[in-house]
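Read off the chains here:
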Amino acid sequence: MPVLEEGQIQIHTENIFPIIKKAVYSGHEVFLRELVSNGVDAINKRRMAALAGDCSEGEDGRISIQIDREAKTITISDNGIGMTADEVKRYINQVAFSSAEEFLEKYKTDTDAIIGHFGLGFYSSFMVASQVEIVTLSARPDSEAVRWSCDGSPKFSLAGAERSAPGTDVILHLMEEELEYLEPSRLRTLITTYCDFLPVEVQLEGETVNKRVAPWRRSARELSDKDYIDLYHYLYPFQGDPLLWVHLNTDYPYSLQGILYFPKITGRADWEKGEIRLYCNQVFVSDSIKEVVPRYLLPLRGVLDSPDIPLNVSRSALQTDRRVRSIGAFVARKIGDRLKELHQEDPSRYGEIWDSVAPFIKIGAMEDDKFADQVEGAILFGTTAEAAEGSNDPISCDAGRYTTLASYRARQPEENSKRVLYCTDEAGQAGPLALWKGQGAEVLLADTLIDAQFIPWLEARHSELRFQRVDAELDASLQESTPDLTDAEGKDPAEQLREIFRSALANDKVTVQVQSLKGEEAPAALILLPEQMRRMNDLGALMEQRLPGLPDHHVLLINRRHPLVEGLLKLSSGAILTSGSGEASPTQRLANDLSRHIYEMARLAVGGLEPNQLAGFQQRSCDLMGQLMQRSL
């Protein structure tokens, strides 16, 4: 064929970044995404032009990929609108023009139908090819096929060609270091990754590879629960079923479709990167979208698809602007709506999944005031209150009983309406928890880690409230009011017990209190941690990235009514000093050992004994039991 023209490709830097081969795109593999996307564009353009009567309609759209190992080529073919020689010069040589935008300006149709907005996708082929050829025939009447060829330099050739049907072939002559793309399995993976949900059939060596159907593009009314779950399993195999999902669909002020899932998080969630997949008109772009959704929603999974999210020239990075922030706010609002809806319409189901969704909601509330206003009524706490028959408050389900802060406050007597009792460890705080429950008090069950930050945030939001952990202090309702008689020296039993424990412990950092506690199950002693002191200790542990331990300064509360304490008082009262030496008698030493044992048992209950202290505690316990056995024989 005679050469029609030779020249140099025009690069208009006033409109786009200079084209630097291998520098525009961060990963070579995206060449296939770009070329397949261009083919889909061409097919959609042909369909729209045919509706306008400008060209023939043709068969159903199809992208075909062929491998020639001997020639070391990959050919990506489409049966789209094709190009004339003038269009090749305009769209390929003068890369400053975006064929998609020019085409849309002419036909004024739905922008979602056109994927390419950059005019650079074709040039990604030079990342893997030493030479690229285009053989194309326009679907417009009386068109002639042309062949364009370029070796990656500004020089090109354009000549006549042979092609019987409208469409375009892009032929890549692979570089030696890029021959991995001759492997069908490699190309299949790329098609599945980037082009799986494109609405056009993508064939590799004659076999259709992509799914084509994007469920998030359909109406929620058209999808069953199984459809949503099947998509989740396809995107995230071996992850079990999602807890719930949110279907997103809006056309104004931007176009956005998607399905987001709350996963069952069994380990540590990724609050920095996330697993939500970003698509642009059903073409996969990125799985790192921290610029789009708020940080507290990053561990969600699913798909967001929008042509209106601004990407850089290679689609490999997002550019934050007002639209992106608006989209993030929209996503957060829809998530909040879905959570409130489930809480109201199916409280038992909401209670079942609460522990899994709580981190998203609580962190979101602390980071986003608008989200906090939206979901505050759907924030739950476990509760010790019994569910009333026929009532959904507290919510009763297999996972436990749950209530809201507002409902908890409504059930409190007037004198306690501004106090919120809570427990963060039912085992470690079992003693004081039993005391409060024994007197009919309702206690909220909080999370050990996240609520260490969430509860102070709630107090700041509700300045009239005072949150008090069950082991912070005990009020008069838990104490017996009967006064004790004094001995011959004018000391009452409480004062005597304080002296016994102070002497035995010899630790000024431990404040000893003695009270007569109500209830037969009240323990012999409790460790109490004043609320603000404990919070400072927890905050220090958080900043040092360690588990909070027992603060050096704490309160040891002795239960005067416990039989063990009463026996200790009698034992100590009968002890005498050995004459002359000033040393304690065996009875006094036993009383001291019992005092230390009671203290260490109280510490053990709150996890206050370090692992290296447990061996000594066990040895001292055995010695103490030996002493008691000898006295009883």
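Residues numbered from 1 in each chain as written. Predicted model: local features only at pLDDT ≥ 70, side-chain atom pairs only at ≥ 80, totals over all residues. Heavy atoms only, no water.

Points about the overall build of the protein chain
The condition that has to hold: Under the scheme used here, helices are H or I runs from DSSP no shorter than 4 residues and strands are E runs no shorter than 2 residues, and both carry numbers assigned from the N terminus. Buried means the residue's accessible area, taken with a 1.4 Å probe over protein chains only, is under 20% of the maximum for its type, while exposed means over 50%, and partly exposed covers the values in between. Residue contacts are defined here by distance: any two heavy atoms, one from each residue, within 4.5 Å place the two residues in contact.
Summing up its helical and strand segments, the protein chain has 16 helices and 23 strands in all. A buried classification covers 50% of the 633 residues belonging to the protein chain. Of the contacts formed within the protein chain by residues at least 6 apart in sequence, a portion of 69% connects residues at least 24 apart.

Side note on the packing of aromatic side chains
Going by this rule: Pairing of aromatic rings covers Phe, Tyr and Trp, the last through its six-membered ring, and needs centres within 6.5 Å; plane angles under 30 degrees mean stacked, over 60 mean edge-to-face, and all others mean tilted.
Counting across every chain of the model gives 20 aromatic pairs. Between the aromatic rings of F197 and Y279, the centroid separation amounts to 5.9 Å while the plane-to-plane angle is 80 degrees, which identifies the pairing as edge-to-face. Taken together, the positions of F197 in the loop between α4 (184-194) and β8 (201-204) and Y279 in strand β12 (residues 275-280) put the pair 82 residues apart, joining distant regions of the chain. Ring geometry for Y232 and Y261: centres 4.9 Å apart, planes at 55 degrees, overall tilted.

Let's talk about the pattern of salt bridges
Operational definition: Whenever Lys or Arg places a side-chain nitrogen within 4 Å of a carboxyl oxygen from Asp or Glu, that contact is recorded as a salt bridge.
Counted under the stated rule, the structure contains 28 salt bridges. A salt bridge links E222 to R218; the shortest N-O distance between them is 3.5 Å. Owing to a relative accessible area of 30%, R218 belongs among the partly exposed residues under this scheme. E275 is the partner of R301 in a salt bridge, and the nearest nitrogen-oxygen pair spans 3.3 Å.

Thoughts on the packing of helix α12 (residues 493-505) against helix α15 (residues 586-605)
As a reminder of what qualifies: Axes, fitted as lines to C-alpha atoms, cover a helix only where it is in contact. Angles between the N-to-C directions of the axes lie from 0 to 180 degrees. Geometric relationships in this document are graded by angle, where less than 35 degrees denotes roughly parallel, more than 145 denotes roughly antiparallel, 65 to 115 denotes roughly perpendicular, and other angles denote oblique.
Put simply, α12 and α15 touch, their axes get as near as 9 Å, and they point 90 degrees apart. Here α15 runs roughly perpendicular to α12, going by the angle between their axes. Judged by residue contacts, I500, F501, A504 and L505 of α12 engage N592, S595, R596, I598 and Y599 from α15.

Some words on the sheet that holds strand β23 (residues 554-559)
Just so we agree on the cut-off: Note on pairing: two strands pair once DSSP finds at least 2 bridges between them.
Sheet architecture is open: three strands sit in the order β21-β23-β22, paired in mixed fashion. Among the strands making up the open sheet, the edge pair consists of β21 (510-515) and β22 (525-528). Going from strand to strand, the sheet's axes swing by 25 degrees on average, the running direction of each strand aside. Where β21 meets β23, six bridges bridge the pair, whose relative direction is parallel. Paired with Q513 across the bridge in β23 is L557. Taken strand by strand, α15 contacts β21, β22 and β23, and its axis lies near 55 degrees from that of β22.

Quick look at the side chain of R301
Cut-off, in case you're wondering: Two N or O atoms form a polar contact when they lie within 3.5 Å of each other; inside protein one atom must be a possible hydrogen donor and the other a possible acceptor, and for residues adjacent in sequence the pair counts only when both atoms belong to side chains.
Within the secondary structure layout, R301 lies in strand β14 (residues 301-305). Reaching out from R301, the side chain makes a polar contact with the side chain of Q239 at a distance of 3.2 Å. With sequence-adjacent residues up to four places away left out, R301 is seen in contact with Y232, Y236, Q239, I259, L260, Y261, P263, E275 and I276.

Some details on helix α1 (residues 30-51)
Put simply, the test is: Between the first and last residue of a helix there are one fewer steps than residues, each counted as 1.5 Å, and that sum is the expected span.
Under the 1.5 Å per step criterion, the end-to-end length of α1 is 32 Å for 22 residues, consistent within 8% with the ideal 32 Å. For α1, the tally of buried residues reaches 19 of 22 residues, placing the bulk of the element in the interior. Count one or two residues on from α1 and you reach G53, which has phi positive near 80 degrees.

Notes on the environment of S595
Within the secondary structure, S595 sits in helix α15. C-alpha of S595 to C-alpha of R502: the two residues are 93 residues apart in sequence and 9.2 Å apart in space. Beyond its immediate stretch of four places on either side in the chain, S595 contacts I500, F501, A504 and L568. A distance of 2.9 Å separates the side chain of S595 from the backbone oxygen of A591, its partner in a polar contact.

Topic: the nonpolar core
Generally speaking, nonpolar side chains in soluble globular proteins are found buried as a group. Applicable threshold: For our purposes a nonpolar core is just a set of buried Ala, Val, Leu, Ile, Met, Phe, Trp, Tyr and Cys residues, chained together by side-chain atoms within 4.5 Å.
Core analysis: the biggest nonpolar cluster contains 77 residues, and F262, L304, V331, I335, W354 and L474 have the highest contact counts within it. Of all the elements, helix α7 (residues 347-367) adds the most residues to this core, at nine residues. Ignoring any residue separated from it by four or fewer positions in sequence, one finds F262 in contact with P242, L243, L244, L300, I335, L339, V357 and F360. Of all hydrophobic cores here, the second largest spans 60 residues; its members include V30, F126, V202 and Y261.

Examining the environment of I276
Note on placement: I276 falls in strand β12. Judged by its relative accessible area of 1%, I276 is buried. Along the sequence, I276 and D287 sit 11 residues apart, while their C-alpha atoms lie 5.8 Å from each other.

Notes on unusual backbone geometry
Backbone torsion omega between Y252 and P253 reads 5 degrees, so that peptide bond is classified as cis. With respect to the element layout, P253 can be found in the loop between β10 (244-250) and β11 (256-262). Positive phi, close to 60 degrees, is recorded for K72, a residue that is not glycine. Structurally, the position occupied by K72 is in the loop between β2 (62-68) and β3 (73-78). According to the relative accessible area criterion, K72 is partly exposed, its value standing at 30%. Although it is not a glycine, D142 adopts a positive phi angle of roughly 60 degrees. With respect to the element layout, D142 can be found in the loop between β4 (129-137) and β5 (146-150). By relative accessible area, which is 81% here, D142 ends up exposed.

Brief notes about α7
Cut-off, in case you're wondering: What is called the bend at a residue is the angle between a pair of axes, fitted to the seven residues leading up to and ending at it and to the seven starting from it.
Along its 21 residues, α7 runs just 25 Å from first to last C-alpha, ending more than 12% under the 30 Å computed at 1.5 Å per residue. Most pronounced at W354, the bend in α7 amounts to some 70 degrees.

Quick look at a nonpolar patch on the surface
Spelled out, the test is: For patches, a residue must show more than 30% relative accessible area and have no salt bridge; joins then use 9 Å for like charges and 5 Å for nonpolar side chains, namely Val, Leu, Ile, Met, Phe, Trp and Tyr. Residue exposure ignores everything except the shown protein chains as possible cover, and the areas themselves are Shrake-Rupley values with a 1.4 Å probe.
Residues M536, L539, L542 and M543 make up a contiguous nonpolar surface patch of about 460 Å² in total accessible area. Along the chain, M536 turns up in helix α13 (residues 531-543).

A short note on the pairing of β14
Summarising burial for β14: five of the five residues are buried, a large majority. With five bridges connecting them, β11 and β14 associate as antiparallel partners. Among the inter-strand pairings, Q257 is bridged to a residue of β14, identified as D305. Both β12 and β14 contribute to a ladder of five bridges, which runs parallel. For R277, the partnering residue across the bridge sits in β14 and is V303.

Let's talk about the confidence of the model for the protein chain
Going by this rule: Confidence of the predictor in every single residue is expressed as pLDDT, which spans 0 to 100.
When pLDDT is averaged along the protein chain, the result is 84, and 86% of the positions lie at 70 or above. Here residues 96-100 is modelled with pLDDT under 50, and outside its nearest four sequence neighbours on either side it reaches 15 contacts, counting other chains as well. Across residues 110-119 the pLDDT falls below 50, and counting only partners more than four positions away or on other chains, this stretch makes 40 contacts in the model.

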